[in-house]
Amino acid sequence: MKKLILWDIDGTLIVSGRAGIFALARAFLKIYGREPDFSKLEVSGRTDKWIAAQVLEQQGIAATAENIHAYLESYLECLLGELQTRPGRVLPGILELLEKLRTDPEVAQGLLTGNLQRGARIKLEHFKVWHYFAFGAFGDDSPIRNELGPHAVRRAGERHAVQFAPENVFVIGDTPHDIECGRAIGAKTIAVATGNFSHADLERHKPTAVFPDFSNTAAFLSLIRDGRAPIFS
């Protein structure tokens, strides 16, 4: 086993109709009796703990460990209900890729996400893809996105008894923060324009490759196996 694939969740594997944001808003309303203004917060590619702290500070509430914990516990209680009432889906090509990579003896795949682990599980179980991921790094590990990568690589090594070289690690996501997170551990970075950032926006951050979506599974697998970056017209 030589290659390690680390997937972001929101905007990369799935879209949820912004269920996470609605759950955060509902959770805040339950605790504090008012809704925060998410239009003034840039949350794409951030960790849940980082977002919670920003919301609390925006609303004039101390972002203590206790307040963040209480807010996120309420968020997790609200999340499934929002997922069930919002339009969401697994993104193009994802199911085929996950299945092909699952059966490839040369590849390990896990998660590298700002979601709390419990939140990641709630989302991915809802979309029936949680079973593809036996390890990962999550927003529980650090509020700082760039600190998550080493946790994911370490857990992959422990699970598979393999030392993954940085050049054989691929971090996949839909935001500039995902690209930076991969670059922080020396990994190759694959960006996909299925979230809130356009193909051109992502190209400006110079990832290894940018895909419009992952419907061209052959091109994705060629990049992983042979290092050939696709050219899209």
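Residues numbered from 1 in each chain as written. Predicted model: local features only at pLDDT ≥ 70, side-chain atom pairs only at ≥ 80, totals over all residues. Heavy atoms only, no water.

(A) Just the pairing of strand E1 (residues 3–7), in detail. Burial of E1 is extensive: five of the five residues sit out of reach of the surface. By the alternation rule, side chains of E1 split into Lys3, Ile5 and Trp7 and Leu4 and Leu6, which are all buried. Where E1 meets strand E4 (residues 107–112), five bridges bridge the pair, whose relative direction is parallel. Within the sheet, the bridge partner assigned to Leu4 lies in E4 and is Ala108. Of the pairings in the sheet, the one linking E1 to strand E6 (residues 169–173) comprises four bridges and is parallel in character. By the bridge assignment, Trp7 is partnered in E6 with Ile172. (Buried < 20%, exposed > 50% of the residue type's maximum accessible area, 1.4 Å probe, protein only. Helix = DSSP H or I, 4+ residues; strand = E, 2+ residues; numbered from the N terminus. Pairing = 2+ DSSP bridges.)

(B) Seen up close, the layout of surface pockets. Its boundaries defined by the atoms lining it, the largest pocket holds a volume of some 640 Å³. Every residue lining the largest pocket is counted, 31 residues in all, and those nearest its centre are Asp10, Ile21, Val43, Ser44 and Asn196. Sorting the residues of the lining of the largest pocket by element identifies strand E2 (14–15), helix H1 (19–32) and helix H2 (48–58) as the ones contributing at least two each. The dominant element in the lining of the largest pocket, judged by the number of residues it contributes, is H1, at three residues. Across the lining of the largest pocket, the residue classes break down as nine nonpolar, 13 polar and nine charged. In this structure, the second largest pocket occupies an estimated 180 Å³ of space. Around the second largest pocket sit 14 residues that line it, and Arg102, Ala108, Gln109, Tyr132 and His160 are the ones nearest its centre. Residue assignment for the lining of the second largest pocket shows that the elements contributing at least two residues are helix H4 (94–102), E4 and helix H6 (149–160). Among the elements that line the lining of the second largest pocket, the one with the most residues is E4, at three residues. In terms of residue class, the lining of the second largest pocket is built from eight nonpolar, three polar and three charged. (1 Å grid on protein atoms, 1.4 Å probe; cavity = no way out; pocket = protein on both sides within 12 Å on 5 of 7 lines; lining within 4 Å. Points joined across faces, edges and corners; volume = space filled by probe spheres on them. Nonpolar A, V, L, I, M, F, W, Y, C, P; charged D, E, K, R; others polar.)

(C) Inspection of helix H7 (residues 176–184) at higher detail. Taken together, the buried positions of H7 are occupied by Pro176, His177, Asp178, Ile179, Cys181 and Gly182. The inward-facing, buried residues of H7 contact E4, H6, E6, strand E7 (188–192) and helix H8 (199–203). One or two positions beyond H7, positive phi appears at Gly186, with a value near 75°. (Contact = heavy atoms within 4.5 Å.)

(D) Up close: the environment of Leu4. One can find Leu4 in strand E1. Each C-alpha atom, one on Leu4 and one on Val169, is 4.7 Å from the other, the two residues being 165 residues apart in sequence. Among residues more than four places away in sequence, those in contact with Leu4 are Ala108, Phe135, Val153, Ala156, Phe164, Asn168, Val169 and Phe170.

(E) Quick peek at the pattern of salt bridges. Counted by the stated rule, this structure contains 14 salt bridges. Here Arg46 makes a salt bridge to Glu42, at a shortest N to O gap of 3.7 Å. For Arg46, a relative accessible area of 27% gives the class partly exposed. Judged by its relative accessible area of 39%, Glu42 falls in the partly exposed class. The partner of Asp141 in a salt bridge is Arg155, with the nearest N and O atoms 2.8 Å apart. Of this pair, Asp141 sits in the loop between strand E5 (136–137) and H6 while Arg155 sits in helix H6, and the two are 14 residues apart along the sequence. Taking the relative accessible area as the measure of exposure, Asp141 reaches 24% and is therefore partly exposed. Take Arg155: its relative accessible area is 23%, and that puts it in the partly exposed class. (Salt bridge = Lys/Arg side-chain N within 4 Å of Asp/Glu carboxyl O.)

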